[in-house]
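Spelled out from the first residue to the last, the chains are:
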Amino acid sequence: MEPPPALHPVKLYVYDLSKGMARRLSPLMLGKQLDGIWHTSIIVHKDEFFYGSGGISSCAPGGTLLGPPDSVVDLGSTEVTEEIFLEYLSSLGESMFRGESYNLFEHNCNTFSNEVAQFLTGRKIPSYITDLPSEVLSTPFGQALRPLLDSIQIQPPGGNTFRRHNGQS
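Residues numbered from 1 in each chain as written. Predicted model: local features only at pLDDT ≥ 70, side-chain atom pairs only at ≥ 80, totals over all residues. Heavy atoms only, no water.

Named according to an unreviewed UniProt entry, the chain is palmitoyl-protein hydrolase originating from Mauremys mutica. In UniProt, the chain has this text filed under Catalytic activity (unreviewed entry): "S-hexadecanoyl-L-cysteinyl-[protein] + H2O = L-cysteinyl-[protein] + hexadecanoate + H(+)". Listed under Sequence similarities (unreviewed entry) in UniProt, the entry text for the chain is "Belongs to the DeSI family." (UniProt positions renumbered as here; feature names shortened; annotations may be inferred.)

Here is the structure:
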């Protein structure tokens, strides 16, 4: 008889890139309240995985220069082994989540976290995070700033570009 599969906790780290400025300035600039400008990552198998303009990266949990997360969301647990997960990440990094595919509004760290969360747990990340770009773009100021914002590339410093541990990329 086979032992039951091991369960691995899955967490979502949520960082406010504005460090509280969005909460204070959004009513004046956008005419609506935003609680933050969210960057997210997935914590599983003792590492933090995130996506930015440099592609998929990993580090020890909290190991980017963003420091500790502003909040942690428990997404449940997964039976997906580390080996299978790393193969999955490798395929994502070669297809949907290459660095040059990054777009601040349509294909960003939160898109990545949402995709990976669903693969691991079947659950999406909170909608207040995934809905943020459309909230900003629904305002006149967001529309006016879109050309500038579309050119912004975000890659939190402190992680390592993800490569398969056995040397494959």
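*Asks:* Can you walk me through the overall build of the chain in this structure?
*Replies:* Scanning the chain from N- to C-terminus turns up six helices and six strands. A separation of at least 24 residues holds for 75% of the contacts in the chain among residues at least 6 apart in sequence. Only carbon and sulfur atoms are counted for the fraction: they give 56% of the accessible area of the chain, which is about 8900 Å². (Helix = DSSP H or I, 4+ residues; strand = E, 2+ residues; numbered from the N terminus. Contact = heavy atoms within 4.5 Å. Areas by Shrake-Rupley, 256 points an atom, 1.4 Å probe, with all protein chains shown as cover.)

*Asks:* Explain the packing of helix α2 (residues 82-94) against helix α3 (residues 109-121) to me, please; I cannot follow it from the model alone.
*Replies:* Helix packing for two helices is described by the angle between their axes and how far apart those axes are. The interhelical angle for the contact between α2 and α3, taken along N-to-C directions, is 145 degrees, at an axis separation of 12 Å. Handedness of the crossing formed by α2 with α3: right-handed. On the side of α2, the interface is formed by I84, F85, Y88, L89 and L92, while α3 contributes F112, E115, V116, F119 and L120. Among the residues forming the contact of α2 with α3, the class breakdown is nine nonpolar, no polar and one charged. (Axes fitted to C-alpha atoms, helices over the stretch in contact; angles between N-to-C directions. Left-handed = near helix turned anticlockwise from the far one by under 90°. Nonpolar A, V, L, I, M, F, W, Y, C, P; charged D, E, K, R; others polar.)

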